[in-house]
Amino acid sequence: MNTSTAFVRAIDKLQEVIRSATPIDVATGIAILWALRMSFCVARNTLKTTRLRGPPRTSLIFGYSMDLLRAKDAGSVYEEWAKEYGVAYEVPTTLGGNKIMLCDPKAIAHFYSKETWTYVHIKFDLLFTRQNFGKALLGVQGEDHKRQRKSLSPAFSQAAIRKLYPVFYNSAYKAKAIWESLIDANDGHSAVIEVQNWMNHISCDEFIFCHPGLIAPSRLDTIGLAGFSHDFGSLDGKPTRVVKIFDTFAMSAPNLFLFLLSQVFPLLLYVPTARGDLFSDMNETLADVSRKFLDRSKEERDAGIIDGKDDKSIIGVLIKAKDAGADVQLSIEEILAQMKLLITAGYETISVSMTWALLELARNPDIQTKLRAELLAFGSDPTYDQLNNNLPYLDAVIHETLRLHPPVQEFLREAADDDVIPLSEPVRTKSGRVVNSVSVTRGTRIGISVACINRSTDIWGADAKVFRPERWLEEGGVPKKAQEVQGYRHLLTFVDGPRTCIGRGFAVIEFKTVMAVLVKEFVFEMRDGPDTQIEMGIGLLPRPRVVGEDGTKLPLRVRRYGG
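Structure report, in brief. Note that this is a predicted model, so its numbers are computed, not measured. (Residues numbered from 1 in each chain as written. Predicted model: local features only at pLDDT ≥ 70, side-chain atom pairs only at ≥ 80, totals over all residues. Heavy atoms only, no water.)

1. A look at the overall build of the chain
In terms of regular secondary structure, the chain is built from 22 helices and 12 strands. Expressed as a percentage of the 563 residues in the chain, the buried residues total 54%. If you take every contact in the chain between residues at least 6 apart in sequence, the share linking residues at least 24 apart comes to 74%. With an accessible surface of roughly 24200 Å², the chain has 55% of that area assigned to carbon and sulfur atoms. (Helix = DSSP H or I, 4+ residues; strand = E, 2+ residues; numbered from the N terminus. Buried < 20%, exposed > 50% of the residue type's maximum accessible area, 1.4 Å probe, protein only. Contact = heavy atoms within 4.5 Å. Areas by Shrake-Rupley, 256 points an atom, 1.4 Å probe, with all protein chains shown as cover.)

In structure tokens, the structure reads:
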């Protein structure tokens, strides 16, 4: 029996035991695991790790973790703790564990300078990524991460994105045409449109594998301007498997109990759940789509239909990485994993940001009017360079959205080696000692709340929680403390260091292009008036929704701009 077969049988046996367990069995098992976990944590913490102050444990089993998952704004909770306990503090987690939260630009810069080597993914993250995507960029570390990132970089260069941006216009204008038909079918003036779903479909339509032959012939001329692409058909009303799978996540709530226990015992990821079944369906669907992309790309490359040598598309650089003579080589397994991950990332993250932008513009009509005035004054559709350099208020709106509403709000890593993290200001330990650095031992978990850092009043000033794009245009609008944050535009939205988001340039240009088209053509208003309440729903990532709506629905009233 090989190792793989033995592992599968072990998982099957584990699932059989779980299904037959009684509530008493489960409670007993948790108690035993908790006791073992506590013993381990106590032993570890008596070593070199600095014992910091922090909030008390509110749950014997989950520490403070369940409260944070259920909080309306976990970033604000972390910020309040930073004010009470200092820029580095301890938060109790599941089964007696702790994590050190960093809310200090100097400490965060040190952390990111050592990520992928000293600070690595926790086992839960690695297993989750590999279970659902394979050995993709997010699920590897060290030299493997460096090799994979190098192989993908040409597809996300400025030269590559410059060729792609017309595709973004194409998708935005498709949405515009459909929205106009919805308005015509209503009263000719306005219609209520569920914009979250549309932003999802725009992202799916735009996140492309630039390549001839993977599109319907009727689309070839339009997409050919951008170097050719696969068309998922999500803006043409075609019910594709990929879109259906992603949309279903909005109606499936995660099992928070199991999620938190899995962070301590990652093998619990194999326990069957409804959401786990969705991830399995997603994996199977994306694998099938990715294989078809890869096979057809190879056939056309071999037939000379496309020039493989100069192809800088995502799928082009992945195929070249498979060649024996490539400078950086990837296996077939790694190539398929990148494709699955990039489709998901392209669909999920930027669609969240575009939804938040439309919501903030609807809630702030003066800002919306000012942005529309800039776009109308500019006139024609801006080019790639003009999007980057000639529309300052559009740039400010985009980056204010990314600051206030980061799609991924928190990161957790584990120390692979002992380390000393410097601080910009002293903190007091549990024993009352004042320290200017934090010593951590191997196995210590380190957390960074992106939402906290991006919205902290200590870092961004008294109006940090306010959507105010002008801060990006005013002299001194970005405070000195915020300038110490070393991420892109002093934000942690795309993280920093060796693992900074490889698709950042792609995402920002896509974001700007879609907003430039839609805001110039339409006026966005809250369907139920300015006092409409917003809460967070869950898709693959947290998303805004109107209180009382199912899933992650965000209906806005959309009017034609009348000039």
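2. Describing the nonpolar core
In terms of nonpolar packing, the biggest core is built from 134 residues, with Y78, Y89, L102, W179, L394, M515 and F524 touching the most fellow members. Among the elements that take part in this core, helix α15 (residues 332-363) stands out by supplying 17 residues, more than any other. Formed by 9 residues, the second largest nonpolar core is a distinct cluster that contains L260, L261, V264 and V271. (Core = buried A, V, L, I, M, F, W, Y, C linked by side-chain atoms within 4.5 Å.)

3. Some details on the environment of A253
Mapped onto the elements, A253 comes out in the loop between α11 (241-248) and α12 (256-264). Expressed as a C-alpha distance, the spacing of A253 and I538, which sit 285 residues apart in the sequence, is 6.9 Å.

4. Re the sheet that holds strand β2 (residues 98-102)
Taken in spatial order, the 5 strands make up an open sheet running β1-β2-β8-β5-β3, and their pairing is mixed. Strands at the two margins of the open sheet, each flanked by one partner only, are β1 (88-92) and β3 (119-121). Averaged over all neighbouring strand pairs, the angle between strand axes comes to 40°, with direction disregarded. Summarising the sheet, β3 and strand β5 (residues 410-415) pair through 3 bridges and their orientation is antiparallel. When the bridges of β5 are listed, V120 appears paired with E414. (Pairing = 2+ DSSP bridges. Axes fitted to C-alpha atoms, helices over the stretch in contact; angles between N-to-C directions.)

5. A look at the side chain of R543
Examined against the element boundaries, R543 turns out to sit in strand β11 (residues 542-546). In this structure R543 comes out as buried when scored by relative accessible area, which is 2%. Of note is the side chain of R543, whose polar atom sits 2.8 Å from the side chain of Q196. Of the polar contacts made by the side chain of R543, one reaches the side chain of S351; its length is 2.9 Å. (Polar contact = N/O pair within 3.5 Å; in protein donor to acceptor, adjacent residues only side chain to side chain.)

6. Digging into the sheet that holds strand β4 (residues 190-194)
Here 3 strands make up an open sheet; going across it, the order is β4-β12-β9 and the pairing antiparallel. Each end of this open sheet is capped by a strand with a single partner; those strands are β4 and β9 (522-526). Ignoring strand direction, the axes of neighbouring strands in this sheet form an average angle of 35°. As judged from the 5 bridges shared by β9 and strand β12 (residues 555-560), these two strands associate in the antiparallel manner. Among the inter-strand pairings, F524 is bridged to a residue of β12, identified as V558. Each of β4, β9 and β12 touches helix α8 (residues 158-186); the most contacted strand, β4, lies at about 125° to it. The strands that helix α22 (residues 504-521) touches are β9 and β12; relative to β9, the one it contacts most, it runs at about 85°.

7. Side note on the packing of aromatic side chains
The full count for this structure, using the stated rule, is 21 aromatic pairs. Between F124 and F128 the ring centres are 6.2 Å apart and the planes differ by 15°, which places this aromatic pair in the stacked class. Within this pair, F124 and its partner F128 are both found in helix α6 (residues 123-132), separated by 4 residues, close to a single helical turn. Here F124 falls in the buried class, since its relative accessible area comes to 6%. The exposure class of F128 is partly exposed, given its relative accessible area of 24%. Put simply, the rings of Y64, Y78, W81, Y85 and Y89 pair up and form one aromatic cluster. (Phe/Tyr/Trp six-rings, centres within 6.5 Å; stacked < 30°, edge-to-face > 60°.)

8. As for helix α16 (residues 365-378)
Taking 1.5 Å of rise per residue, 14 residues should cover 20 Å, and α16 covers 20 Å from first to last C-alpha, within 8% of that figure. Along α16, the residues that are buried comprise I367, Q368, L371, R372, E374 and L375. Burial along α16 is one-sided: seen end-on, the buried residues are contained in an arc of 160°. In this structure, α16 carries D366 and A377 as exposed residues pointing more than 90 degrees from its buried face. Residues of α16 that are buried in the fold lie against α15, α18 (392-404), α22 and β9. (Expected span 1.5 Å × (residues − 1). Arc of directions from axis to C-beta.)

9. Comments concerning the environment of R147
Position of R147 among the secondary structure elements: in helix α7 (residues 142-152). The partly exposed category is assigned to R147, whose relative accessible area is 24%. For the pair R147 and L137, spaced 10 residues apart in sequence, the C-alpha to C-alpha distance is 9.4 Å.

10. Some thoughts on the packing of α16 against α18
Two quantities define a packed helix pair, namely the angle between the axes and the distance from one axis to the other. Where α16 meets α18, the closest approach of the two axes is 8 Å, and the angle between their N-to-C directions is 140°. Taken as axis vectors, α16 and α18 run oblique relative to one another. Regarding α16 and α18, the two cross each other, and that crossing is left-handed. For the pair formed by α16 and α18, the contact residues are I367, K370, L371, E374 and L375 on the first element and P392, Y393, L394 and V397 on the second. Grouping the amino acids of the contact of α16 with α18 by side-chain chemistry returns 7 nonpolar, no polar and 2 charged. (Parallel < 35°, antiparallel > 145°, perpendicular 65-115°, else oblique. Left-handed = near helix turned anticlockwise from the far one by under 90°. Nonpolar A, V, L, I, M, F, W, Y, C, P; charged D, E, K, R; others polar.)

Purely geometric stuff here, so don't read any function into it on its own.
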